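# Structural features, examined
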Amino acid sequence: MSDVDMADADAAAEHRADADADDDAVVQEIPVFLSTQLLAAHGLVLVQHPATKRTQPLASAAAMRCKPVARRFEVDVALETKGANYSDDQAEKLGRGVDNEDILTAYDIKKNNPYREDQHKMLEKITLQSTLLPDSGGGQYLIGALRDDEFHLTPISATIQLRPALRYIDKIAEKEKVATQKIAQHEMNLENPNRKEEEPQEKGITLSVRSVEDNPEALRKAREIDEEKRFALEEWVDLQLYEDHTPESQEAYEKLFSLGDELTYSFSKQDYLENIGPKLSSSVKLEIDQGKKNVKPNWCMDDMRNLPLPSLLRSLMLHAHVVSFSNIMELTDNQFEESDVVEELERIAVLVRGVWVVRTELMYAGRTADARRYLLQLLGRSSKPVSRYDVNRLAKLPHLVITNMFLEICARVAVVTEANSGHHVGGGKVLPGTESASKWGLKVEPDEEFCERWEQVVTRQRETVEAEGNRARSALENKVSSKTLAPVQPSQRDSHATSTHGSSSSRAPKKEPAPAASTASASAASSSSAAPRSKQSASRAAPAATAAVVDTFAISGATAEAQCENILYFALNKHGVCSQDYLRGIVERHKTVQPTEGDNLLDSEEVNDEFVKDVIRDLCMNIQGRYVLKSLGGGAVDEFRDPILELFKAKTTLKKSEITAACQTATGKNITQSMYARIMKELATSSGPAWELKQGPSI
């Protein structure tokens, strides 16, 4: 279906919904009652189970039992042994697991009957055991009964699912294992009749004690074991199953109806709001201010106004997604300096055509995040509306995901096609001269006043959005994550840049976002560009040999520190491991390289040896006298990369077993082979069965 067809369908659905809403009048009000009769007795449990008969789902139940404290249930269901789907051969095979008798082997000799075979037992019933559904014990559901124009509700105590236990299969496996051991033991005795049983030898065991609190997976397993122990100690209680037409069932049904008065709603509007969104306590606000607690996108404005500026703006942007600067100042009651607000906004949002949009990494991850960054680039380039197809032809996201992404920051824009310009989109013909709501534009009008007053911020943000969009587009085209390319992180500001209004200023960037880079040889430096690299070039590692390497990278950034940081990042991203001499030398070489846009600030007096060392310390980690990137942008790679870096700090050579064990201990998960190969290709070279840290290039 084309975007036009989808737009027409959505518009028609909205029109029908509006029409239905107008015609959907209230015809009757029904009083609501709450019944607690069953709760006072044993509670009401909702059971989901496989049904063999639609009309009588558990009519063939032979027995039912429960453990009330553990809320465990078991039901024995008889099989239809005379039915067409019952196999005697399979029933005989599985029947070996219904008792505790061993499987007879060829060496088992029965007294007075050496050729006696097993007495074959048949599987004639199965056991269904319960599983308690998560979050089902807090009154999440109610059951309702309507009588005499009164609606009676009874809370459900718990919801369980009955599933086949299949214990007989485990028992058969255990019996076969015992039988195999008996045969092996008997054959060994036949080969050596005088053989004596070997006495077990004592072996030393090295024990290591570690708190389960350090390992979430171990903590979860410990809790499960503890629950199973408590479950095993409780005795089973036999239950009686009654069909719906019996007096016992009718008596239970009558308890669904309340004997009390009608429910009354005693909440005021303010009480209701407080109940669904309670105000933040002073202790919570203190934790947020100290960075111990994260903001959440479900707080009211009264709470947000009492937060410190960083948390206030973060929560506001997570609520609004896209908002103009004038609205931000109005919502914050103008209690902060404009320059401070702009400085903080550049950390958590990007500026697109004069309005602030929450940063993508705060909302999405992976391919969806790349699609959103590409969308912001398209919206920022011109005022022309964008269609979902413009983004999804590369992203290939589900319809619901891409639509929700557009709805967060965009609004539909009616597009009128020119005369005689009919065309086909996805098989659907768009007739010339017709209106089509298939395009999207920013839902907030551009803030021209802000753009005039904060020209440097606008320029800086335009470069950031463009660089992030280029990298995201490259990632989508090459079907990789943009994290494998040069990261663009929120700028951090520490100096002031004057705006067009003398009384207002914004801080100049300390670290500019790193645009995507391209690497080339010295002879091809003039043709290097800022286009994003492919997955192969982004993850390519230099050889371990220390042969001289001549690298030329695209110079980008609005400050000398940003340009220096970008050059160092590109070098480390290419080679993985570099010496300090190489990193200092590569910055020195680039002082004479002419950038494609702007000025080369590396040739300024402030970019001396100490300046470069400070940037290296901020960006890199020193391991064995060589330098690697501290982070590759977070996510799964850094999760496993960090413990490997810690190992290289302690040892010069590593084995795979040590690496996998360290990753398991640090993350509670096993590192995949592809992740293992990726990280080791970046950091190390193989030396027989061990890995050594790369030497890095020389210059």
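Here the residue index of a chain counts from 1 through its sequence in written order. Per-residue local features are limited, in this predicted model, to residues with pLDDT of at least 70; the limit for side-chain atom pairs, both in listing and counting, is 80 or more; totals at the level of whole chains, interfaces and linings are taken over all residues. Remark: hydrogens and water are excluded; side-chain values derive from all non-hydrogen atoms of the structure.

### Looking at the sheet that holds strand E3 (residues 61–67)
Stated precisely, the cut-off is as follows: A pair of strands is treated as paired once DSSP finds two or more bridges between them. Numbering of helices and strands runs from the N terminus, with a helix taken as a DSSP run of H or I at least four residues long and a strand as a DSSP run of E at least two residues long. To define axes, lines are fitted to C-alpha atoms, for helices over the stretch in contact only, and angles between the resulting N-to-C directions are given on a 0 to 180 degree scale.
Within the open sheet, the six strands sit side by side as E2-E8-E5-E4-E3-E9. Their pairing is mixed. Both outer strands of the open sheet, strand E2 (45–48) and strand E9 (237–239), are each paired with one neighbouring strand and no more. Taken over all neighbouring pairs, the strand axes of this sheet differ in orientation by 25° on average, direction set aside. Two strands pair when backbone bridges link them, and strand E5 (residues 125–132) and strand E8 (residues 158–164) are joined in this way by five bridges, in the antiparallel orientation. By the bridge assignment for E8, serine 130 is matched with leucine 162.

### Some remarks on helix H4 (residues 167–191)
Each turn of an α-helix holds 3.6 residues, which means side chains three or four residues apart point in the same direction. What counts, and what does not: In this scheme, a helix's expected span is set at 1.5 Å multiplied by one less than its residue total. The contact rule is simple, with two residues in contact once any of their heavy atoms fall within 4.5 Å.
Taking 1.5 Å per residue, 25 residues should reach 36 Å; H4 reaches 37 Å between its end C-alpha atoms and fits that length. Packing partners of the buried residues in H4 comprise helix H3 (88–94) and E5.

### Describing the pairing of E8
Across a regular strand the side chains alternate sides, sitting on one face of the sheet and then on the other. Just so we agree on the cut-off: Note on classification: 1.4 Å probe, protein chains only; a residue is buried when its accessible area is under 20% of the maximum for its type, exposed when over 50%, partly exposed between these limits.
Counting buried positions along E8 gives five out of seven residues, so the element sits mostly inside the fold. Both E2 and E8 contribute to a ladder of four bridges, which runs parallel. Within E8, the position partnered with leucine 46 by the bridge is threonine 159.

### Observations concerning the packing of helix H22 (residues 636–650) against helix H24 (residues 673–683)
Applicable threshold: Working rule for angles: under 35 degrees goes down as roughly parallel, over 145 as roughly antiparallel, 65 to 115 as roughly perpendicular, anything else as oblique. Handedness of each helix crossing follows the sense of rotation of the near helix against the far helix: counterclockwise by less than a right angle gives left-handed, clockwise gives right-handed. Put simply, Ala, Val, Leu, Ile, Met, Phe, Trp, Tyr, Cys and Pro go in the nonpolar bin, Asp, Glu, Lys and Arg in the charged bin, and everything else, Gly too, in the polar bin.
Two elements in contact, H22 and H24, have axes separated by 10 Å at closest approach and are oriented at 50°. It follows from the interaxial angle that H22 and H24 lie oblique. For the element pair H22 and H24, the recorded crossing hand is right-handed. On H24, the residues that touch Ala636, Val637, Phe640, Arg641, Ile644, Leu645 and Phe648 of H22 are Met675, Arg678, Ile679, Met680, Glu682 and Leu683. Among the residues forming the contact of H22 with H24, the class breakdown is ten nonpolar, no polar and three charged.

### Comments concerning the pattern of salt bridges
Basically, it comes down to this: One side-chain nitrogen of Lys or Arg within 4 Å of one carboxyl oxygen of Asp or Glu is enough to make a salt bridge.
Per the stated rule, a full pass over the model turns up 26 salt bridges. The salt bridge partner of arginine 373 is glutamate 361, with a shortest N-O separation of 3.4 Å. A residue pair is termed long-range when its members are at least 10 positions apart, and arginine 373 in helix H13 (residues 366–381) and glutamate 361 in the loop between strand E12 (355–358) and H13 qualify at twelve residues. Between glutamate 682 and arginine 641 there is a salt bridge, with its nearest N and O atoms 2.8 Å apart. Of this pair, glutamate 682 sits in helix H24 while arginine 641 sits in helix H22; the two residues are 41 residues apart in sequence, bridging distant segments of the chain. The exposure class of glutamate 682 is buried, given its relative accessible area of 13%.

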